[in-house]
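Chains, contacts and geometry: an overview
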Amino acid sequence: MGPHEEIEEQTFVELQARMESGELSASSLLAAYVERIEQLDRRGPELRSVIELNPDAPATAEALDRERREHGPRGPLHGIPILVKDNIDTADRMMTTAGSLALEGSHAAQDAFVVERLRQAGAIIAGKANLSEWANFRSSRSSSGWSGQGGQGKNPYALDRNPCGSSSGSGQSVSANLIAAALGTETDGSIVCPSNNNGIVGIKPTVGLTSRAGVIPISYSQDTVGPMTRSVADAAALLSAIAGVDPRDPATAASTGKSHSDYTQFLDKNGLHGARIGVVRAVYSGYSRAADAVVEESIQVMRDLGAVIIDPADIPTAEELKASEAEFEVLLYEFKAGLNSYLAGLGPNAPVHTLEEVIRFNQENAAREMPYFGQDTFEKAQEKGPLTEQAYLQALSTSRRLSREQGLDAVIDAYQLDALIAATGSPAWPTDLVNGDHYTGSSCGPAAMAGYPLITVPAGFAFGLPIGLTFMGRAFSEATLIRLAYAFEQATKVRRPPQFLATLSFS
């Protein structure tokens, strides 16, 4: 649906072939996506997935077309338009606001490292994607996909359903074929949940595989930047471009010798043959009958492809992780420290300089910034002291112990697993600005706390709403997860584009 149907569901490889043949150019591809954004995002179904288009993108596209003619393409991303979530700095005429009116007019002096890498790869930064404001760390009663800058995003499968967040716009735009691919960020679920709800592939990389420099933070110990695409192959290509050691983010030093310059080399249709796959059941299933049914079907597919299924392979600390307040405590401390540091780095002319000033701005502009939900999470974070406090250090230690050595590492070691699987989440819930999100469950928590990788792939539908399957593994196991996810995707090919239905039909 919408204009330029000829570019719908096109992969990087297909787009490159068409640009090589001269049938398409970076300029015409960008123009086609912009037209789809104008007709489907701004008008028509009004998805509200894009906050801002990049005024410099057409000139970049022209330069890349000229470079292709004169020297050939740089690689798989040459001339490919990409959206980045609006908490990722771009040193151009676009703002970086985390969706908040408090950062209206804030322009970054330097590209985020991941944006720098995309530009070097020949990608076109086409615009900024909407998000759950402040990456959904402002209120416990928020509606995912809402921001002061972008309004409430809609799920392209059923417009009254929620796109999930916080990388809502990244998920919506990719699913609706408004863009070739997008970057999202995740602290706990913010890439994989919108990928689940919008029927796309999302990779949440190991913390330290991709740099967070120039990204408005929540948590130093959990934040990560990753690809959101319509296929595993495109996600692998995009991850290849953005992974790398960055002196501006010391956490990336841990990836030295553990990352790959080309993750597409691990795409293997027979990748599940002989793989040992554990099924996570305790705590991370049973919250959605539809999601449970998708897992059962997926297990059978993997068996048929020659995988060894260990069922159940439960995380020993699952109940403790569910009950623990340690993660939230860590996030409150790290958010205050990280945001104050980011805002200070914007310089004296920034609209706000501290979390305290953001809280005050929201109070003074409550009609625009807090019409539906408040800022109780901000207020809790503001009460926290420095990262030297014993309460923080204890919470971080507990969070890591329960999720790593006693959690994911323990079950993976016990059964010698290549990966664990679980439903990514439930089908999308109806958006409710009165009461906030109707969140029933998901499987992203342990890997979020551990800083370990996830990949979610479309695996089924319920009442026309997509459901994803998550593959999770130990630190820096992206190559293995991509191999497994690709084999599953190629055998099932579940992904189908959305139809922008006003609501679901249950007849």
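Quick caveat, the model's predicted, so the values are computed rather than measured.

**Description of the packing of helix H9 (residues 289–304) against helix H17 (residues 478–492)**
- Two numbers describe how H9 lies on H17: the axes approach to 10 Å, and their chain directions differ by 100°. In this view, H9 runs roughly perpendicular relative to H17, as classed from their interaxial angle. Contact with H9, carried on its side by Ser-298, Val-301 and Met-302, involves Phe-488, Ala-491 and Thr-492 of H17 and no other residues of that element.
- Class assignment of the residues belonging to the contact of H9 with H17 gives a composition of 4 nonpolar, 2 polar and no charged.

**Focus: the sheet that holds strand S7 (residues 201–204)**
- If you trace the 11 strands from one edge of the open sheet to the other, you get S1-S3-S2-S6-S8-S7-S12-S13-S11-S9-S10, paired in mixed fashion. The open sheet has two edge strands, strand S1 (50–53) and strand S10 (308–310), and neither has a second partner. Each strand axis lies, on average, 30° off the axis of its neighbour in the sheet, ignoring direction.
- Where strand S2 (residues 81–85) and strand S3 (residues 124–129) come together, 5 bridges link them in parallel fashion. Its bridge partner lying in S3, Pro-81 is registered against Ile-124.
- Here H17 sits on the sheet in contact with S7, strand S9 (276–279), strand S11 (419–423), strand S12 (454–462) and strand S13 (465–472), set at roughly 20° to S12.

**Focus on helix H3 (residues 57–71)**
- For H3, built from 15 residues, the straight-helix expectation of 21 Å at 1.5 Å per residue is met to within 8% by its first-to-last C-alpha distance of 20 Å.
- The set of residues buried in H3 consists of Ala-57, Ala-61, Leu-64, Asp-65 and Arg-68. Take H3 and look down its axis: the buried residues cluster within an arc of 105°, on one side only. The outward face of H3, more than 90 degrees from its buried face, is lined by the exposed residues Ala-59, Arg-69, Glu-70 and His-71.

**Considerations on the packing of aromatic side chains**
- Counted under the stated rule, the structure contains 12 aromatic pairs.
- Both rings, one in Tyr-263 and one in Phe-266, keep their centres 6.2 Å apart while their planes meet at 50°; by these two values the pair is tilted. You'll find Tyr-263 and Phe-266 in the same group, each marked buried.
- Ring centres of Tyr-333 and Tyr-392 lie 5.5 Å apart, and the angle between their planes is 45°; on these two criteria the pair is classed as tilted. Linking Tyr-333 in helix H11 (residues 326–344) with Tyr-392 in helix H15 (residues 390–415), this pair joins segments that are 59 residues apart in sequence.
- Take Tyr-392: its relative accessible area is 6%, and that puts it in the buried class.
- Here the aromatic cluster, defined as three or more aromatic residues joined through ring pairs, consists of Trp-134, Phe-137, Phe-328, Phe-335 and Phe-378.
- The aromatic ring of Tyr-220 is capped on one face by Arg-212, whose charged end is 4.7 Å from the ring centroid.
- If you follow Arg-496 out to its NZ or CZ, it ends over the ring of Phe-461, 3.7 Å from the centre.

**A closer look at the pairing of strand S6 (residues 181–186)**
- Most of S6 is tucked away, with 6 of its 6 residues classed as buried.
- Because side chains alternate across S6, one face comprises the buried residues Ala-181, Leu-183 and Thr-185, and the other comprises Ala-182, Gly-184 and Glu-186, equally buried.
- Sheet topology note: the S2/S6 ladder contains 3 bridges and is parallel. Among the inter-strand pairings, Ile-82 is bridged to a residue of S6, identified as Ala-181.
- Taken together, the 5 bridges between S6 and strand S8 (residues 224–229) define a ladder with antiparallel strand orientation.

**Topic: the pattern of salt bridges**
- In total, this model carries 18 salt bridges according to the counting rule given.
- A salt bridge links Arg-93 to Asp-56; its shortest N-O distance comes to 2.8 Å. Of the two residues, Arg-93 is situated in the loop between S2 and helix H4 (113–120) and Asp-56 in the loop between S1 and H3; the sequence distance between them amounts to 37 residues.
- A salt bridge links Asp-409 to Arg-474; its shortest N-O distance comes to 3.5 Å. In this pair, Asp-409 sits in helix H15 while Arg-474 sits in the loop between S13 and H17, placing the two residues 65 residues apart along the sequence.
- Residue classification places Asp-409 among the buried positions, given a relative accessible area of 15%.
- We classify Arg-474 as partly exposed; its relative accessible area is 32%.
- Linked by salt bridges that have partners in common, Asp-92, Asp-111 and Arg-119 make up one network.

**Observations regarding the state of the cysteines**
- Counted according to the given criterion, the structure contains 1 disulfide.
- Between the sulfur atoms of Cys-164 and its disulfide mate Cys-193 the distance is 1.9 Å. Of note, the bridge from Cys-164 to Cys-193 carries an S-S torsion of about 105° and is right-handed in sense. Residue Cys-164 is located in the loop between strand S5 (151–152) and helix H6 (168–175), and its partner Cys-193 is located in helix H7 (residues 192–198); the two are separated by 29 residues in the primary sequence. Per residue, the accessibility class of Cys-164 equals that of Cys-193, and both read buried.
- The thiol of Cys-444 is not disulfide-bonded; the next cysteine sulfur, from Cys-193, is found 7.2 Å away.
- A relative accessible area of 5% places Cys-444 in the buried class.

What counts, and at which threshold
Residues numbered from 1 in each chain as written. Predicted model: local features only at pLDDT ≥ 70, side-chain atom pairs only at ≥ 80, totals over all residues. Heavy atoms only, no water. Axes fitted to C-alpha atoms, helices over the stretch in contact; angles between N-to-C directions. Helix = DSSP H or I, 4+ residues; strand = E, 2+ residues; numbered from the N terminus. Parallel < 35°, antiparallel > 145°, perpendicular 65-115°, else oblique. Contact = heavy atoms within 4.5 Å. Nonpolar A, V, L, I, M, F, W, Y, C, P; charged D, E, K, R; others polar. Pairing = 2+ DSSP bridges. Expected span 1.5 Å × (residues − 1). Buried < 20%, exposed > 50% of the residue type's maximum accessible area, 1.4 Å probe, protein only. Arc of directions from axis to C-beta. Phe/Tyr/Trp six-rings, centres within 6.5 Å; stacked < 30°, edge-to-face > 60°. Lys NZ or Arg CZ within 6 Å of the ring centre and 35° of its normal. Salt bridge = Lys/Arg side-chain N within 4 Å of Asp/Glu carboxyl O. Disulfide = S-S within 2.5 Å.

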